[in-house]
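Chain residues, written in single-letter form:
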Amino acid sequence: TQSTRPQRLLHAVQKNATRGDPRSVVKAIDNFCRQKEWAMNVGDEKGCILDSVVSEVNPVTVLELGTYCGYSTVRIASLLPPRAKIITLEFNPDYAKIARQVIAWAGLEDKIQVVEGPSGEWIPKMKEQFGVKTFDLVFLDHWKDRYLPDTKLLEDCGLLRKGSILLADNVICPGTPDYLEYVRNSPRYKSQYFKSHLEYTKAEDGLEKSVFLG
Ligand SMILES: O=C(NCc1cccc(CNc2ccc3[nH]ncc3c2)c1)c1cc(-c2ccc(F)cc2)cc(O)c1O
Ligand SMILES: [Mg+2]
């Protein structure tokens, strides 16, 4: 039977990256996507912006919406302080299966919890299921029409505190117009756009960083 793109991406990691070396896993995925097949990882250019935001925030609790193959999960987790944790939600079970193996290859299982299911169901359960009080950083990279409803859900569930950072991928391509309008016009957020390019291409894209003001 034909393999899937996530399976081929995992094989490229297992072939080219060093076990236990997260940066080599990131490099192997970027090389695979540049040389072999495009895939919807945040990529190396936007990934550097992600790295700088993570390093600046130094989060203890991170929520990622949309794991895919675990590229940004590994990128973020490799920068976290020792006791910090990242919970990453993935709706597609096939993606989750691959992501767990990519994360294991990077040796970051202890810092990452991959949770399968839709954000709309899991966000209201974060406190009771995972003992989360609030998130220091949320990375939004799932279905683009879910960014706004899930942001409102995070607010309503009391999962954001004064100073929590939302970092959203793809605000230009594919685009998240309703989300952008909300975080840029709401008095409850201070927003900043980081212009970049769609992963592995010359098309414009960018990340929107929004600070929750409480
Ligand atoms: O659409 C995108 N990513 C999201 C996505 C997409 C498919 C499946 C899932 C299933 N995972 C999922 C779903 C719902 C969920 N709820 N909670 C968790 C959760 C997880 C997620 C995307 C597209 C492009 C892109 C494509 C084509 C093109 F030409 C230009 C650009 C570039 C990106 O960087 C992208 O991130
Ligand atoms: Mg994305």
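Here, the structure is the one placed above.
Remember, it's a predicted structure, so these values are computed and weren't measured experimentally.

Asks: Is there a simple way to think about the site of ligand 1 in this case?
Replies: Residues in close proximity to ligand 1 total 18 residues, the closest being Glu90, Asp141, Lys144, Asn170 and Glu199. Between ligand 1 and Lys144 there is a distance of 2.9 Å, counted from an oxygen atom to a side-chain nitrogen or oxygen. In the model, an oxygen atom of ligand 1 is placed 2.7 Å from a nitrogen or oxygen of the Asn170 side chain. Counting atoms within 2 Å of the grid points, the majority share of ligand 1 lands in the largest pocket. At the level of secondary structure, the elements contributing two or more residues to the shell around ligand 1 comprise strand E2 (85-90) and helix H9 (171-175). Here the residues of the shell around ligand 1 sort into nine nonpolar, four polar and five charged.

Asks: In this structure, what is going on with the layout of surface pockets? I would like to understand it.
Replies: Reported here for the largest pocket is a volume of approximately 490 Å³. For the largest pocket, the lining is made up of 24 residues, of which Gly66, Glu90, Asp141, His142 and Trp143 are closest to its centre. Tallied by class, residues from the lining of the largest pocket come to twelve nonpolar, seven polar and five charged. Quantified by volume, the second largest pocket comes out at close to 160 Å³.

Asks: Sorry, what's going on with the coordination of the magnesium ion (ligand 2) here?
Replies: Octahedral metal centres with six donors ideally show angles of 90 or 180 degrees, and tetrahedral centres with four donors ideally show 109.5 degrees. At this site the magnesium ion (ligand 2) is bound by Asp141 (OD), Asp169 (OD) and Asn170 (OD1), with donor distances of 2.0 to 2.2 Å. Summarised as a motif, the one-chain spacing of the donors to the magnesium ion (ligand 2) is D-x27-D-N. You'll find Asp169 and Asn170 in the same group, each marked buried.

Conventions adopted
All chains use their own residue numbering, which begins from 1 and follows the written sequence. All chains are assigned letters beginning with A, and all ligands numbers beginning with 1, in the order in which they are written. The predicted nature of this model means local features are confined to residues of pLDDT at least 70 and side-chain atom pairs, given and counted, to a pLDDT of 80 or more, with totals for whole chains, interfaces and linings taken over all residues. Hydrogens and water are ignored here; the side-chain numbers use all heavy atoms of the structure. Residue proximity to a molecule or strand is established when one non-hydrogen atom of the residue lies within 4 Å of it. Polar contacts here mean pairs of N or O atoms no more than 3.5 Å apart (in protein, one a potential hydrogen donor and the other a potential acceptor; neighbouring residues in sequence count only if both atoms are side-chain atoms). The method works on a 1 Å grid over the protein atoms by themselves. A cavity is a set of points holding a 1.4 Å probe that cannot get out, a pocket is an open set with protein on both sides within 12 Å along at least five of seven lines, and residues with an atom within 4 Å of a point line them. Occupancy of a cavity or pocket is assigned to a molecule whenever over half of its atoms lie within 2 Å of that pocket's grid points. Strands are runs of DSSP state E lasting at least 2 residues, helices are runs of H or I lasting at least 4, and numbering of each runs from the N terminus. Asp, Glu, Lys and Arg are counted as charged, while Ala, Val, Leu, Ile, Met, Phe, Trp, Tyr, Cys and Pro are counted as nonpolar; the rest, among them Gly, fall into the polar class. Grid points are joined across faces, edges and corners, and a volume is the space filled by probe spheres set on the points. Here a donor is any nitrogen, oxygen or sulfur atom (N, O, S) within 2.8 Å of the metal, with 3.2 Å used for Na, K and Ca; water is not among the atoms considered, so some sites may look incomplete. Using a 1.4 Å probe on the protein chains alone, a residue whose accessible area is under 20% of its type maximum counts as buried, one over 50% counts as exposed, and one in between counts as partly exposed.

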